[in-house]
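What follows is each chain in one-letter form.
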Amino acid sequence: VVTLPTSKVKSNTEVNAKVTDDGGISQTDTEKKSSENGSVVIKASVQTPTVTVDGKSGDVTVTPKDNDPDAKRLFITYTPANGTEKTVTATKSDNGTWSIAEESDFVASADGKSFTIKNAKAEAKTKVTAITKGETDDIKSEVAENTVPDKTAPKAPEVKVNTSNGNAEITPPTDPDTKTVIVKY
């Protein structure tokens, strides 16, 4: 088996293969013979990007695959903190770096190879998805996704004095992940 990696063959390239032998159907047969051409047109395909979460900070990074000649666009869908879901589009330049031209919470890496959103900029417990596409929408990767972890601190409790009896009243926040309240006096 001869394998040509997709990174070495451009999309819509016809790949041909032909087999030749030294003859040998009989002892006196020395004429070389060749098979018919076997050919196939390589269609464009793009690789699935990665969506990773930093375990410590909760930041989410989207990285398209290197050496993917048919990848031209990257669509990232996320929910900004206290916002509604939106999709941003990154495009690949001729030198292989990626950029997002529109307003976005994602920041490109210094080398233009990935995009990161800070945990506080994304709505906790929502998905970040990414899909790579070629020049047309029919050339696309699988969807990659990951969940934004909840790394935000709970809101502060409300502490007030009841003016009718002088008691201190402490009202914990209503954050669903608030587990304990520590009171010191």
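Each remark here, short or long, concerns the structure printed above.
The paragraphs below set out a description of the structure included in this document. (Residues numbered from 1 in each chain as written. Predicted model: local features only at pLDDT ≥ 70, side-chain atom pairs only at ≥ 80, totals over all residues. Heavy atoms only, no water.)

## So, the sheet that holds strand β13 (residues 144-147)
Part 1: Pairing within the open sheet is antiparallel, and its five strands lie in the order β9-β8-β7-β12-β13. In this open sheet, the two strands that pair with only one neighbour each are β9 (98-100) and β13. Between one strand axis and the next, the sheet turns through 20° on average, direction left out of account.
Part 2: As paired strands, strand β8 (residues 86-92) and β9 are joined by three bridges and run antiparallel to one another. Looking at β9, one finds that Lys92 is bridged to Trp98. (Pairing = 2+ DSSP bridges. Helix = DSSP H or I, 4+ residues; strand = E, 2+ residues; numbered from the N terminus. Axes fitted to C-alpha atoms, helices over the stretch in contact; angles between N-to-C directions.)

## Quick look at the sheet that holds strand β6 (residues 60-63)
Part 1: Spatial ordering of the open sheet is given by β5-β6-β11-β10, a layout of four strands whose pairing is antiparallel. Sheet topology places β5 (50-53) and β10 (107-108) at the edges, where each strand pairs with a single neighbour.

## What about the side chain of Ser104?
Part 1: As for its position among the elements, Ser104 is in the loop between β9 and β10.
Part 2: Exposure remark for Ser104: the relative accessible area of 18% places this residue in the buried category.
Part 3: A distance of 2.9 Å separates the side chain of Ser104 from the backbone nitrogen of Phe106, its partner in a polar contact.
Part 4: Apart from residues lying up to four places away in sequence, Ser104 is in contact with Tyr78 and Val88. (Buried < 20%, exposed > 50% of the residue type's maximum accessible area, 1.4 Å probe, protein only. Polar contact = N/O pair within 3.5 Å; in protein donor to acceptor, adjacent residues only side chain to side chain. Contact = heavy atoms within 4.5 Å.)

## Topic: unusual backbone geometry
Part 1: One non-glycine residue with positive phi stands out, namely Asn67, at about 55°.
Part 2: Its place among the elements puts Asn67 in the loop between β6 and β7 (73-78).
Part 3: On the accessibility criterion, Asn67 (63% relative accessible area) is exposed.
Part 4: In this structure, Lys125 takes a positive phi of about 65° despite not being glycine.
Part 5: Along the chain, Lys125 turns up in the loop between β11 (115-117) and β12 (127-133).

## A look at the pairing of strand β15 (residues 168-171)
Part 1: Pairing of strand β14 (residues 158-161) with β15, which is carried by four bridges, proceeds in the antiparallel orientation. Counted as the bridge partner of Glu158 is Thr171 from β15.
Part 2: What sits between β14 and β15 in their antiparallel hairpin is a turn of six residues, with Gly166 showing a positive phi close to 85°.

## Thoughts on the layout of surface pockets
Part 1: Considered as a void within the structure, the largest pocket measures approximately 230 Å³ in volume.
Part 2: Lining the largest pocket we find Ala81, Asn82, Asn119, Ala120, Ala122, Glu123, Ala124, Lys125, Asp150 and Thr152.
Part 3: Looking at the lining of the largest pocket residue by residue, the class counts come to four nonpolar, three polar and three charged. (1 Å grid on protein atoms, 1.4 Å probe; cavity = no way out; pocket = protein on both sides within 12 Å on 5 of 7 lines; lining within 4 Å. Points joined across faces, edges and corners; volume = space filled by probe spheres on them. Nonpolar A, V, L, I, M, F, W, Y, C, P; charged D, E, K, R; others polar.)

## Structural notes on the nonpolar core
Part 1: Counting 21 residues, the largest nonpolar core has Val62, Leu74, Ile76, Phe106, Phe115 and Val128 as the members making the most contacts within it.
Part 2: Every element with two or more residues in this core is listed here: β6, β7, β8, β9, β11 and β12.
Part 3: In this view, Ile76 contacts Val62, Lys86, Thr87, Val88, Ile100, Phe106, Phe115, Val128, Thr129 and Ala130; residues no more than four positions away in its chain are not counted. (Core = buried A, V, L, I, M, F, W, Y, C linked by side-chain atoms within 4.5 Å.)

## Concerning the environment of Pro157
Part 1: With respect to the helices and strands, Pro157 occurs in the loop between β13 and β14.
Part 2: Classification of Pro157 as partly exposed rests on a relative accessible area of 38%.
Part 3: Contact partners of Pro157, with chain neighbours within four places excluded, come to Ile170, Thr171, Pro172 and Pro173.

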